[in-house]
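# Observations on chain architecture
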Amino acid sequence: MAVSDHVDLPTFMEGVKKRNPHQPEFVQAVQEVAEDIFEFIQDNEDYHAQQILRRIAEPDRVVSFRVCWEDDNGNVRVQRGWRVQNNNAIGPYKGGIRFHPSVTESVLKFLAFEQTFKNALTGLPMGGGKGGSNFNPKGKSVREIMRFCQSFMTELYRHIGADIDVPAGDIGVGGREIGFMFGQYKRITNNFTGVLTGKGLEWGGSLIRTEATGYGAVYFLANMLATRGEDLTGKTAVISGSGNVATHAAEKIVQLGGKVLTLSDSGGYIHDPDGIDQEKIDWVKTHKTHRRGRIEEYVAAYPKATFVAGKTPWSVPCDVALPCATQNELLGDDARTLIANGCQAVAEGANMPTDLEGVHVFKAARILYAPGKASNAGGVAVSGLEMSQNSERRSWKEDELQQMLKDIMAGIHKSCLTFGDQGGGYIDYVKGANIAGFKKVADAMLAFGVV
Ligand code: NDP
């Protein structure tokens with residue numbers, strides 16, 4: 001007879017903490033999911049007996065490696081690289097690569113864990129993974145970045161493959177870095193295959209991949225507002241970040257009739273009371289991506305705006321908020337301030353931008369609050385579509401892909417309703433997303449037995 005593991009949540013979390021010392025981000029991500037899953041599995045003996053949650057919270061493998069490269073002055077530099085392959089129950093591992101000095105094993109384990117549920121929610125056959133390095137691309141020359149990417153791929157290539165693990169971009173990794181890494185993969189293996197997504201259009205990339213995360217987050221937000229008979233017309237939006245996700249979320253808000261008040265980076269935020277329109281968004285894209293500039297320079301170009309150094313934008317009153325920069329950038333007090341100022345809806349473009357206290361504040365206030373694993377899944381969804389196009393050796397048209405993205409975001413919203421509708425007009429999107437994602441992965445794992 002099976003020995004079931006009917007421990008309570010605090011005991012389960014004690015075990016997670018003990019097995020993952022000094023990994024606070026990973027523990028936080030597991031806690032957020034376990035809070036909902038414990039209730040869901042309480043009457044399901046199979047999930048208990050097979051220890052499914054415990055198994056999903058133990059990555060299949062964590063590969064850590066040295067990355068040596070030479071800077072422009074001929075100095076030898078040493079960084080650490082990782083690939084975390086969390087779970088491939090429903091498809092090849094899939095998840096981005098992050099280059100940022102804050103990258104640690106804990107950060108990548110939390111991201112790979114979250115990715116497992118997010119990818120399941122898209123309805124596409126993708127498992128969960130994540131990778132990266134503590135390499136800081138800021139201030140590096142293009143040739144230094146190329147040499148780093150080549151060295152990183154010289155180790156990574158043996159762990160990935162079109163049917164094994166398909167990385168993409170994330171913070172600090174855009175089209176340029178994907179190009180350098182794909183070039184090195186191809187050179188080493190002599191194999192032109194869909195081993196990375198976010199590729200250039202000329203060499204196997206998909207239309208709308210660049211826009212998909214930000215656009216998808218706003219489609220999800222529009223779905224949430226529609227449950228209360230509202231839309232984005234005339235709504236004010238506060239957005240953090242000024243990278244890929246933030247600028248495309250801003251673009252879609254503007255297209256749907258909203259007014260964007262803020263953007264930010266790690267130096268602080270800008271507040272433009274006139275609204276950040278398409279022309280200004282284009283300026284930010286060029287300034288941050290091509291000129292590698294700082295957001296504070298926005299006020300020189302648009303003098304009616306103000307720059308607030310060292311702060312996040314959550315004290316600016318708004319109707320909707322989209323945290324699109326990084327993890328734990330919206331804390332409990334920020335959540336209280338947003339609600340006090342009348343914010344009706346929060347859709348996360350970043351991964352785990354709201355800390356656990358903030359999540360609890362949003363849930364208690366019963367506002368429309370979407371966790372990143374639901375609302376930012378548009379990027380990986382179009383990555384999944386890029387994989388399909390690569391397998392078929394064809395490219396779909398932009399309007400076909402736009403429609404697929406919209407449908408996928410509507411499908412994720414529907415899954416959240418299935419498991420998150422609490423009655424009385426309140427939908428707990430965190431619970432809905434956690435349970436819908438978990439169930440799909442868990443049922444596949446049950447079919448495989450103890451492996
Ligand atoms: P980018 O590198 O394009 O932009 C990141 C933005 O966040 C920059 O404005 C950056 O500011 C800011 N930022 C990064 N780290 C910090 C920090 N520690 N404190 C304050 N600001 C910070 O990345 P993306 O836009 O691609 O990613 C943003 C978020 O969205 C991440 O959480 C990522 O995991 C998530 N995401 C991205 C997807 C994608 O398709 N790209 C898919 C799903 C989720 P600065 O310039 O100062 O560094």
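Below: a short report on this structure. Please read these numbers as outputs of a predicted model, since none were measured by experiment.

## As for the sheet that holds strand β2 (residues 76-87)
- Reading across from one edge, β1-β2-β4-β3-β5 is the order of the five strands in this open sheet, with mixed pairing throughout. Strand pairing shows two members of the sheet lacking a second neighbour, β1 (61-70) and β5 (165-168), which therefore form its edges. Strand-to-strand, the axes of this sheet are offset by a mean angle of 20°, without reference to chain direction.
- Two strands pair when backbone bridges link them, and strand β3 (residues 93-99) and β5 are joined in this way by four bridges, in the parallel orientation. Its bridge partner lying in β5, glycine 96 is registered against alanine 168.
- The sheet contacts of helix α5 (residues 105-121) involve β1, β2, β3 and β4 (128-133), and relative to β4 the element is tilted by about 150°.
- Here helix α6 (residues 142-156) sits on the sheet in contact with β1, β2, β3, β4 and β5, set at roughly 140° to β1.

## So, the pairing of strand β6 (residues 236-240)
- Of all five residues making up β6, four are buried, and the element is well covered by its neighbours.
- Of the pairings in the sheet, the one linking β6 to strand β7 (residues 259-265) comprises three bridges and is parallel in character. The partner of valine 238 across the bridge, within β7, is threonine 262.
- In the classification by handedness, the crossover that spans β6, the intervening helix α9 (residues 244-255) and the parallel β7 is right-handed.
- Alignment of β6 against strand β10 (residues 320-323), held across four bridges, turns out to be parallel.

## Observations regarding the side chain of aspartate 272
- As for its position among the elements, aspartate 272 is in the loop between β8 (268-271) and α10 (278-290).
- Residue aspartate 272 is classed as buried on the basis of its relative accessible area of 1%.
- A distance of 3.0 Å separates a polar atom in the side chain of aspartate 272 from the backbone nitrogen of aspartate 274.
- Polar side-chain contacts of aspartate 272 include one of 2.6 Å to the side chain of tyrosine 298.
- In contact with aspartate 272, not counting residues within four places along its chain, are Val260, Leu261, Lys280, Tyr298, Tyr302 and Ala305.

Conventions and cut-offs
Residues numbered from 1 in each chain as written. Predicted model: local features only at pLDDT ≥ 70, side-chain atom pairs only at ≥ 80, totals over all residues. Heavy atoms only, no water. Pairing = 2+ DSSP bridges. Helix = DSSP H or I, 4+ residues; strand = E, 2+ residues; numbered from the N terminus. Axes fitted to C-alpha atoms, helices over the stretch in contact; angles between N-to-C directions. Contact = heavy atoms within 4.5 Å. Buried < 20%, exposed > 50% of the residue type's maximum accessible area, 1.4 Å probe, protein only. Right-handed = clockwise from strand over helix to strand, strands pointing away. Polar contact = N/O pair within 3.5 Å; in protein donor to acceptor, adjacent residues only side chain to side chain.

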